[in-house]
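The primary structure of each chain is shown beneath.
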4 protein chains.
Amino acid sequence: MEQPYKSVETKKTEFVDVPIRVRYADTDMMGIVYYGTYPVYFEIGRSEYMRTKGFTYKEFEDMGYHLVVVGMEIKYYNTATYDDLLIVKARISELQSRGMTFHYKIYKDENLVVEGKTKHICVNSSKKTVVIPSHLVHILKDVISK
Amino acid sequence: MEQPYKSVETKKTEFVDVPIRVRYADTDMMGIVYYGTYPVYFEIGRSEYMRTKGFTYKEFEDMGYHLVVVGMEIKYYNTATYDDLLIVKARISELQSRGMTFHYKIYKDENLVVEGKTKHICVNSSKKTVVIPSHLVHILKDVISK
Amino acid sequence: MEQPYKSVETKKTEFVDVPIRVRYADTDMMGIVYYGTYPVYFEIGRSEYMRTKGFTYKEFEDMGYHLVVVGMEIKYYNTATYDDLLIVKARISELQSRGMTFHYKIYKDENLVVEGKTKHICVNSSKKTVVIPSHLVHILKDVISK
Amino acid sequence: MEQPYKSVETKKTEFVDVPIRVRYADTDMMGIVYYGTYPVYFEIGRSEYMRTKGFTYKEFEDMGYHLVVVGMEIKYYNTATYDDLLIVKARISELQSRGMTFHYKIYKDENLVVEGKTKHICVNSSKKTVVIPSHLVHILKDVISK
């Protein structure tokens, strides 16, 4: 994938853990979590990651910005099923001036179920790619340099 | 449910038939279509109903209106599963000045799988309940009186 | 809807409260929770209701039983949106020998967002309607008579 | 990703085109198709690919096999929205003795919206990785060598 932004940070943040209970709706007729459900779990992971860091993605959107997904990779190692209590581990693995990459690991007890990444660019309300607002970058830099 | 609008038509429209192929994602671990998938099939039914009648719900939203759902009823008679080719039959069963009721029957071959209704009110871009734009009512009246 | 089972209890259980954080995936382009998302919230409500009462729906399925949905009713009073923290209140409003009705109220702060019911029949692994296993009925009766 | 199977074919099949109308349910509050919806579109693509080639994934499962997803990659180039008529182009880009890789391109008119791959392994009803049944391989080889 082309890199529409320059890396400004190389340090990585720590994972934030988010528990998720698998819904019946999340399963398919194979009796396991549908492979297309994991991007939703990723979304919860990064949403809660941001809340933990002291701002919410909702506030970010209320300010007129969006983090549009431009890439995703998932590797499926094990299956999960209804009522499993999963732990979604989420962190920022790369921070750039105009975007970032989130990294996720989903565990069921000690077993890695799924690992993945999502790449995002920051856009404003006119859907133009923009530099991440300094307010947010400062929070993230603090987070990353801690 | 309370009736927030007055009925202006009593005649009913004919059903429009929409074929839907069941996706793997639509199933759950019971091996059947998840009960919460049918409202999505209803949405496709009324979307295609409107397209058949000569306007699309998208155009309607582009004009600044929405048909907000205020009520739904579903009866589940039979199950459906992956790759089934279902027929969603949709029609308007009641038309009022500020809203309407859609009626759906979903068949798998000769068997009725699900029957349901959704009740809608018309709102403008400020989310206020408004009279359905006359343009649309005229189309629907024509449809109904045919 | 026809009544395929006889009522054996008239007392109602208390609501169990389940907090649900609205996911971005749950919203639609109107900016609110998609109307077809609420049946999923209901499912979580009854799942956690049963867990609170000392057995899980998963255990119930592992015993070879399913609670198939045969009917649903929803009234939509208010909208919810991304990141809202909703409270799903769930209880059994009717218990019969071969099925039950769940009743749900979903609140956002003090505001009722949605109210609904789902009617279920108990089937065995051959998909035949059966009497709810006495083990489960005893738990539920205790629950209801408390 | 590790390669749990040996490649037996290097030729690539032609794309099969599948039209998909975007559902309202597929959108999110950003007004576009939710990023986690595309894996569902991929599923439809490979399902219809197989139907076009003369066997269905349903028949494959009825024979006791599953194609479990072990990896996925997506690049998002453009957005799509409600009511868009997308074309999902799907083909097998790699065929191995125990698995395969599907390749997808999703277009809206002339614009590439999304491109992706899913990697699958063949498992039997005991969830053990197995060689793809020769019946299916023959069909696929024919397909590929054409």
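Quick caveat: nothing in here was measured; it's all calculated off a predicted structure.

Cut-offs applied
Residues numbered from 1 in each chain as written. Chains lettered and ligands numbered in written order. Predicted model: local features only at pLDDT ≥ 70, side-chain atom pairs only at ≥ 80, totals over all residues. Helix = DSSP H or I, 4+ residues; strand = E, 2+ residues; numbered from the N terminus. Contact = placed C-beta atoms within 7 Å. Nonpolar A, V, L, I, M, F, W, Y, C, P; charged D, E, K, R; others polar. Pairing = 2+ DSSP bridges. Core = buried A, V, L, I, M, F, W, Y, C linked by C-beta atoms within 7 Å. Buried ≥ 20, exposed ≤ 12 C-beta atoms within 10 Å, placed from the backbone. Least-squares fit on C-alpha atoms with pLDDT ≥ 70 in both. Expected span 1.5 Å × (residues − 1). pLDDT = per-residue confidence, 0-100.

Caption draft 1: Up close: the overall build of chain A. The helix and strand inventory of chain A stands at three helices and six strands. In chain A, the succession of helices and strands from N to C terminus is β-β-α-α-β-β-β-β-α. Taking all contacts inside chain A whose residues are at least 6 apart in sequence as the whole, residues at least 24 apart take part in 72%.

Caption draft 2: Expanded view of the interface of chain A and chain D. Between chain A and chain D, the residue contacts involve 16 residues of the former and 16 residues of the latter. Contributions of two or more residues to the side of chain A that touches chain D are made by α1 (38–52) and β3 (66–76) of chain A. Ranked by residue count, the leading element in the side of chain A that touches chain D is β3 of chain A, at nine residues. In the side of chain A that touches chain D, the residues fall into 10 nonpolar, three polar and three charged. One ladder, built from five bridges, connects β3 of chain A with strand β3 (residues 66–76) of chain D; its direction is antiparallel. Of the residues in β3 of chain D, the one forming a bridge with K75 of chain A is G71 of chain D.

Caption draft 3: Spatial organisation of the nonpolar core. Judged by nonpolar contacts, the single largest core of 160 residues is most densely connected at I106 of chain B, I106 of chain C together with I106 of chain D. Those residues in contact with I106 of chain B that sit more than four places away from it in its chain are Y38, Y41, L86, I87, V88, V113 and V114 of chain B.

Caption draft 4: Unusual backbone geometry, seen in detail. In the Ramachandran plot, D109 of chain A falls in the positive-phi region, its phi being about 55° despite a non-glycine side chain. The phi torsion at D83 of chain C lies on the positive side, around 75°, for a residue other than glycine. By the element assignment, D83 of chain C lies in the loop between β3 (66–76) and β4 (85–96). The exposure class assigned to D83 of chain C is partly exposed, which follows from the 17 C-beta atoms found within 10 Å.

Caption draft 5: Representation of the relation of the copies chain C and chain D within the structure. For these two chains of identical sequence, chain C goes onto chain D by a turn of 180° and a shift of 0.0 Å along the axis, with RMSD 0.0 Å. Such a combination of rotation and displacement between the chain copies is what one expects of a two-fold axis.

Caption draft 6: Local environment of the relation of the copies chain A and chain D. For the match of chain A to chain D, the screw axis carries a shift of 0.0 Å, the RMSD comes to 0.0 Å, and the turn is 180°. In this assembly, 100% of the residues forming the interface of chain A have copies in chain D that are likewise at the interface, indicating an isologous arrangement.

Caption draft 7: Geometry of the environment of L86 of chain D. Residues and elements named next belong to chain D. Secondary-structure assignment places L86 in strand β4 (residues 85–96). Since 20 C-beta atoms lie within 10 Å of it, L86 is described here as buried. Linking L86 and Y41, residues 45 residues apart in sequence, is a C-alpha distance of 9.6 Å. If sequence neighbours within four positions are ignored, L86 has contacts with I20, V22, A80, I106, Y107, K108 and V113.

Caption draft 8: Representation of the environment of F42 of chain C in the model. Residues and elements named next belong to chain C. Tracing the backbone shows F42 in helix α1 (residues 38–52). On the basis of neighbour counts, which here come to 25 C-beta atoms within 10 Å, the residue F42 falls in the buried class. C-alpha of F42 to C-alpha of T52: the two residues are 10 residues apart in sequence and 15 Å apart in space. Among all residues touching F42, those that are not within four sequence positions of it are Y104, G116 and T118.

Caption draft 9: Summary view of the pairing of β3 of chain C. One ladder, built from 10 bridges, connects β3 of chain C with strand β6 (residues 111–123) of chain C; its direction is antiparallel. Residue pairing across strands places I74 of chain C opposite G116 of chain C, the latter belonging to β6 of chain C.

Caption draft 10: View of helix α1 (residues 38–52) of chain B. All names here are of chain B. The terminal C-alpha atoms of α1 lie 21 Å apart, and with 15 residues this matches the ideal 21 Å at 1.5 Å per residue to within 8%. Most of α1 is tucked away, with 12 of its 15 residues classed as buried. Among the residues making up α1, those that are buried are Y38, P39, V40, Y41, F42, E43, G45, R46, S47, E48, Y49 and M50. One or two positions beyond α1, positive phi appears at G54, with a value near 105°.

Caption draft 11: Focus on the environment of A90 of chain A. Residue and element names in this part refer to chain A. Within the secondary structure layout, A90 lies in strand β4 (residues 85–96). The sequence separation of A90 and F15 amounts to 75 residues, and the corresponding C-alpha distance is 5.0 Å. Here A90 is in contact with F15, V16, V18, G45, R46, Y49, F102 and Y104, once residues within four sequence places are set aside.

Caption draft 12: Structural detail: the confidence of the model for chain A. For chain A, per-residue confidence averages 90 on the pLDDT scale, and residues scoring 70 or more make up 88% of the total. Here residues 1–5 of chain A scores under 50 on pLDDT; set against residues more than four positions off or in separate chains, the count is 12 contacts.

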